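Now for the letters of each chain:
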Amino acid sequence: MPKKKTKSVKALVKKGVNPNPTHIPLLDVDIPVTNLKNAKRLMSKLISNFISRRIINQDAKDLCYMISVFVTVVKEAEIEERIKKLEEKIK
């Protein structure tokens with residue numbers, strides 16, 4: 001029986017096929033998103049991996065959305081903390 005050829009991940013991604021059936025993003029970095037600096041680093045890596053076709057469209061969109069929500073929540077929490085401090089100063 002002839003051996004089946006397996007396509008490389010890069011070849012599959014080039015064709016727009018998700019070579020990762022478990023839908024785990026193909027982003028090859030491990031940056032914990034715990035602050036805005038790390039969110040910025042992760043977004044930068046995400047863009048680079050998307051441009052070089054190491055991550056597929058839907059995974060890129062999902063990660064981008066989650067990073068955006070994280071940034072919004074952090075900013076709102078910082079504003080809330082500043083308001084709280086200003087209110088304490090006024091009292």
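Residues numbered from 1 in each chain as written. Predicted model: local features only at pLDDT ≥ 70, side-chain atom pairs only at ≥ 80, totals over all residues. Heavy atoms only, no water.

When pLDDT is averaged across the protein chain, the result is 79; 68% of the residues are at 70 or more. Taking the mean pLDDT of every element in the protein chain, the minimum, 63, falls on helix α1 (residues 9-14) and the maximum, 93, on helix α3 (residues 57-90). Note that residues 21-25 has pLDDT below 50 and, in this model, seven contacts with residues that lie over four places away or in other chains. (pLDDT = per-residue confidence, 0-100. Helix = DSSP H or I, 4+ residues; strand = E, 2+ residues; numbered from the N terminus. Contact = heavy atoms within 4.5 Å.)

Given a rise of 1.5 Å per residue, 34 residues ought to cover 50 Å, and the 50 Å separating the end C-alpha atoms of α3 matches this to within 8%. Within α3, the full set of buried residues consists of Asp59, Ala60, Leu63, Ile67 and Val74. Here the buried face of α3 lies against α2 (36-51). (Expected span 1.5 Å × (residues − 1). Buried < 20%, exposed > 50% of the residue type's maximum accessible area, 1.4 Å probe, protein only.)

The next point concerns α2. For α2, spanning 16 residues, the distance from its first C-alpha to its last is 22 Å, which sits close to the expected 22 Å at 1.5 Å a residue. The secondary structure elements touched by the buried residues of α2 are α3. Following α2 by one or two positions, Arg53 has its phi on the positive side, about 60°.

Relative orientation of the contacting elements α2 and α3 amounts to 165°, with a least axis distance of 10 Å. By the angle between their axes, α2 is roughly antiparallel relative to α3. Crossing angle aside, the handedness with which α2 passes α3 is left-handed. Seen from α2, the contacting residues are Leu36, Ala39, Leu42, Met43, Leu46 and Phe50; seen from α3, they are Asn57, Ala60, Leu63, Cys64, Ile67, Ser68, Phe70, Val71, Val74 and Glu78. When its residues are assigned to classes, the contact of α2 with α3 shows 13 nonpolar, two polar and one charged. (Axes fitted to C-alpha atoms, helices over the stretch in contact; angles between N-to-C directions. Parallel < 35°, antiparallel > 145°, perpendicular 65-115°, else oblique. Left-handed = near helix turned anticlockwise from the far one by under 90°. Nonpolar A, V, L, I, M, F, W, Y, C, P; charged D, E, K, R; others polar.)

Before going further, it helps to examine a positive patch on the surface. On the surface, Lys37, Arg41, Lys45 and Arg54 cluster together into a positively charged patch. Secondary-structure assignment places Lys37 in helix α2. A relative accessible area of 63% means that Lys37 is categorised as exposed. (Patch = residues over 30% accessible without salt bridge, like charges linked within 9 Å, V, L, I, M, F, W, Y side chains within 5 Å. Areas by Shrake-Rupley, 256 points an atom, 1.4 Å probe, with all protein chains shown as cover. Salt bridge = Lys/Arg side-chain N within 4 Å of Asp/Glu carboxyl O. Lys, Arg positive; Asp, Glu negative; His and termini not counted. Charge placed at Lys NZ, Arg CZ, Asp CG, Glu CD.)

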